[in-house]
Amino acid sequence: MSDSLLDVHIKHSLQTVHGVMPMEIALSLAKEQILAITGPSGAGKTTLLRHIAGLLTPETGKIVFGNELWLDSSKQKSVVPQLRNIGFVFQDYALFPHLTVEENLLFGLPKGSDRSIVEDLLTATELSNLANRKPNQLSGGQQQRVALARALVRKPDLMLLDEPFAALDYDMRYHLQDMLLKFHQQHHFTMIIVTHDIGEIFRLADQVAIIENGKIIRQGTPTEVYAKDQSQTGDFVIFGEVLSCVIQADQLLVSALVENKVRQLTLPLDLASEMIPGNTFTLHYPMDSARVMLIRH
Ligand SMILES: Nc1ncnc2c1ncn2[C@@H]1O[C@H](COP(=O)(O)OP(=O)(O)OP(=O)(O)O)[C@@H](O)[C@H]1O
């Protein structure tokens, strides 16, 4: 018997613009652990979440969650997504535009359940005053709080989050990371989060897996995978060399060589003048702030 809560073994042919790319993933996660999945665009991160959620069926595979068998291709067994008790949060919020905030939450509530959880979640996500608004009357951060609350309404055992905070600015991202950590402590779910942000990985994740070309190429604690140094306060420091840098959604998407590997970093815009290809950098990720700092030598 394995000690893990979630065991995933899948093989699937990804159809990419360059032809077929075989995806082959094996991962295990202990109860209440937080796993961050990261890696370049097109590596298969979203596809992996969709397989775990049951929205896709792999060519071959087995997925076990606790004592439930969710998928076993050798027995042609696949449990439908609605019966997997998963909370899903996407980058683009995916709210129902014609429903109010409260109705969006009520929609996710199983029939006959106690409606008080909706009130509780509206309070916890600081949305009570906005309960009667439609999504298009909300900011990005508010919409993502609705999406988080809606995912929690069913009291999921497993939360899958696909770049949930990528479109938000740094302060809002920090606020929602904090909220997510509080929910994690209260509701005790297990969680997989796809993110490109190393700061987010350090703050949230127990484990990080890097996926490239459909395979996990590296897995470990964030410190094992990224950091050369961890201070006594728990802060992280990484060293790197800039390969490329583009501005997207008021942030810098930096490709850098960190520990001899190419990594993607999301950084605040005010570091733009330093993130020039060829420059080396030292970044400090304080645990008590979302604000990554560049250390000047
Ligand atoms: N159902 C599917 N069957 C086969 N291939 C798929 C399927 N869905 C997506 N793909 C392909 O798999 C590859 C990986 O896509 P995926 O969206 O998982 O990447 P990703 O790592 O999440 O990228 P990004 O960071 O850009 O979101 C893409 O080339 C995509 O076209």
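Predicted model, so just to flag it, every value in this text is computed and none were measured. (Residues numbered from 1 in each chain as written. Predicted model: local features only at pLDDT ≥ 70, side-chain atom pairs only at ≥ 80, totals over all residues. Heavy atoms only, no water.)

1. Overview of the domain arrangement of the chain
For an interface, size is often stated in terms of accessible area lost upon the parts coming together. Formally: Domain extents, as shown, originate in an automatic or database domain assignment. Residues are treated as being in contact if the distance between any of their heavy atoms lies within 4.5 Å. Once two parts are joined, some of their accessible surface, as seen by a 1.4 Å probe, is lost; buried area is that loss totalled over both. Here a polar contact is recorded for every N or O atom pair within 3.5 Å, except that within protein the pair must consist of a potential hydrogen donor and a potential acceptor, and residues adjacent in sequence are included only if both atoms are side-chain atoms. Comment: elements are numbered from the N terminus, with helices defined as DSSP H or I runs of at least four residues and strands as E runs of at least two. Here the nonpolar group is Ala, Val, Leu, Ile, Met, Phe, Trp, Tyr, Cys and Pro; Asp, Glu, Lys and Arg are the charged ones; every other residue, Gly included, is treated as polar.
When its domains are assigned, the chain resolves into domain 1 (6-219) and domain 2 (228-294). Computed from C-alpha coordinates alone, the two centres of domain 1 and domain 2 are separated by 25 Å. Each partner contributes to the interface: domain 1 provides 14 residues, whereas domain 2 provides 16 residues. Between domain 1 and domain 2 the total buried area reaches about 1,500 Å² when both faces are included, carbon and sulfur atoms providing 59% of it. Taken as a group, Tyr170, Ile198 and Phe202 account for 43% of the area that domain 1 buries against domain 2, more than any other trio of residues on that side. Put simply, domain 1 and domain 2 have two residue pairs in polar contact (both at pLDDT 80 or more) between them. Looking at the side of domain 1 that touches domain 2, the elements with two or more residues in it are helix H5 (170-187) and helix H6 (198-204). Taken together, the residues of the side of domain 1 that touches domain 2 sort by class into seven nonpolar, two polar and five charged.

2. A few points about the nonpolar core
It is characteristic of soluble globular proteins that their nonpolar side chains tend to be buried jointly. The condition that has to hold: Each nonpolar core is a collection of buried residues, namely Ala, Val, Leu, Ile, Met, Phe, Trp, Tyr and Cys, held together in the definition by side-chain atoms within 4.5 Å. Relative accessibility under 20% of the residue-type maximum defines a buried residue, over 50% an exposed one, and the middle range a partly exposed one, all with a 1.4 Å probe and only protein chains included.
One finds Leu267 and Leu283 to be the most contacted residues of the largest nonpolar core, which totals 59 residues. Element by element, the count of residues in this core is highest for helix H4 (residues 140-152), at six residues. Here this core spans two domains, and each of domain 1 (6-219) and domain 2 (228-294) adds at least three residues to it. Dropping the residues within four chain positions of it, Leu283 is found in contact with Phe236, Val237, Ile238, Leu265, Leu267, Leu271, Val292, Met293 and Leu294. Ranked by size, the runner-up nonpolar core spans 30 residues in total, among them Ile10, Leu14, Leu27 and Leu48.

3. Regarding helix H3 (residues 116-124)
Note the cut-off: Each C-beta atom gives one direction from the helix axis, and the arc is the one those directions make.
The complete set of buried residues in H3 reads Ile117, Val118, Leu121 and Leu122. Here the buried residues of H3 occupy an arc of 140° about the axis, which is enough to place them on one side. Relative to its buried face, H3 has exposed residues pointing more than 90 degrees away, namely Asp120 and Thr123. Buried residues belonging to H3 abut helix H2 (101-108), H4 and H5. After H3 finishes, the residue Glu126 shows a positive phi value of roughly 55°.

4. A look at the packing of aromatic side chains
Quick reminder of the rule: Note on aromatic contacts: the rings of Phe and Tyr and the six-membered ring of Trp form a pair at centre separations within 6.5 Å, being stacked when their planes are under 30 degrees apart, edge-to-face when over 60 apart, and tilted otherwise.
Counted according to the given criterion, the structure contains three aromatic pairs. Between the aromatic rings of Phe65 and Trp70, the centroid separation amounts to 4.7 Å while the plane-to-plane angle is 10°, which identifies the pairing as stacked. As far as the burial class goes, Phe65 and Trp70 line up, both buried.

5. Topic: unusual backbone geometry
Both trends apply: most residues other than glycine have a negative phi, and most peptide bonds are in trans. Even without being glycine, Glu163 reaches a positive phi, approximately 45°. Positive phi outside glycine occurs at Asn213, with the angle close to 50°. Tracing the sequence through the fold places Asn213 in the loop between strand E10 (207-212) and strand E11 (215-220). Here Asn213 falls in the exposed class, since its relative accessible area comes to 53%.

6. Section: a nonpolar patch on the surface
What counts is decided by this rule: The residues that make up patches have over 30% relative accessible area and no salt bridge, and they are joined within 9 Å when like-charged or within 5 Å when they are Val, Leu, Ile, Met, Phe, Trp or Tyr. Each accessible area value is a Shrake-Rupley result obtained with a 1.4 Å probe; residue values ignore everything except the protein chains displayed when judging cover. Within this document, salt bridges are pairs made up of a side-chain nitrogen of Lys or Arg and a carboxyl oxygen of Asp or Glu, the two lying within 4 Å of each other.
A cluster of nonpolar side chains, namely Leu243, Leu257 and Val262, defines an oily patch on the protein surface of about 210 Å² accessible area. Tracing the backbone shows Leu257 in strand E14 (residues 251-258).

7. Focus on the side chain of Ser255
Its place among the elements puts Ser255 in strand E14. Ignoring sequence-local partners within four residues, the contact set of Ser255 consists of Glu241, Val242, Leu243, Ser244, Val262, Arg263 and Gln264.

8. Let's talk about the packing of H2 against H3
We count it as follows: Here, axes are lines fitted to C-alpha atoms. For helices the fit covers the stretch in contact, and angles between N-to-C directions go from 0 to 180 degrees. An angle counts as roughly parallel when it lies under 35 degrees, as roughly antiparallel when it exceeds 145, as roughly perpendicular when it falls between 65 and 115, and as oblique in every other case. Note on convention: near helix rotated counterclockwise from far helix by under a right angle means a left-handed crossing. Clockwise means right-handed.
Running from N to C, H2 and H3 point in directions that differ by 130°, and their axes come no closer than 10 Å. By the criterion of interaxial angle, the relationship of H2 to H3 is oblique. Crossing handedness for the pair H2 and H3: right-handed. Contacts between H2 and H3 involve Val101, Glu102, Leu105 and Leu106 from the former and Val118, Glu119, Leu121 and Leu122 from the latter.

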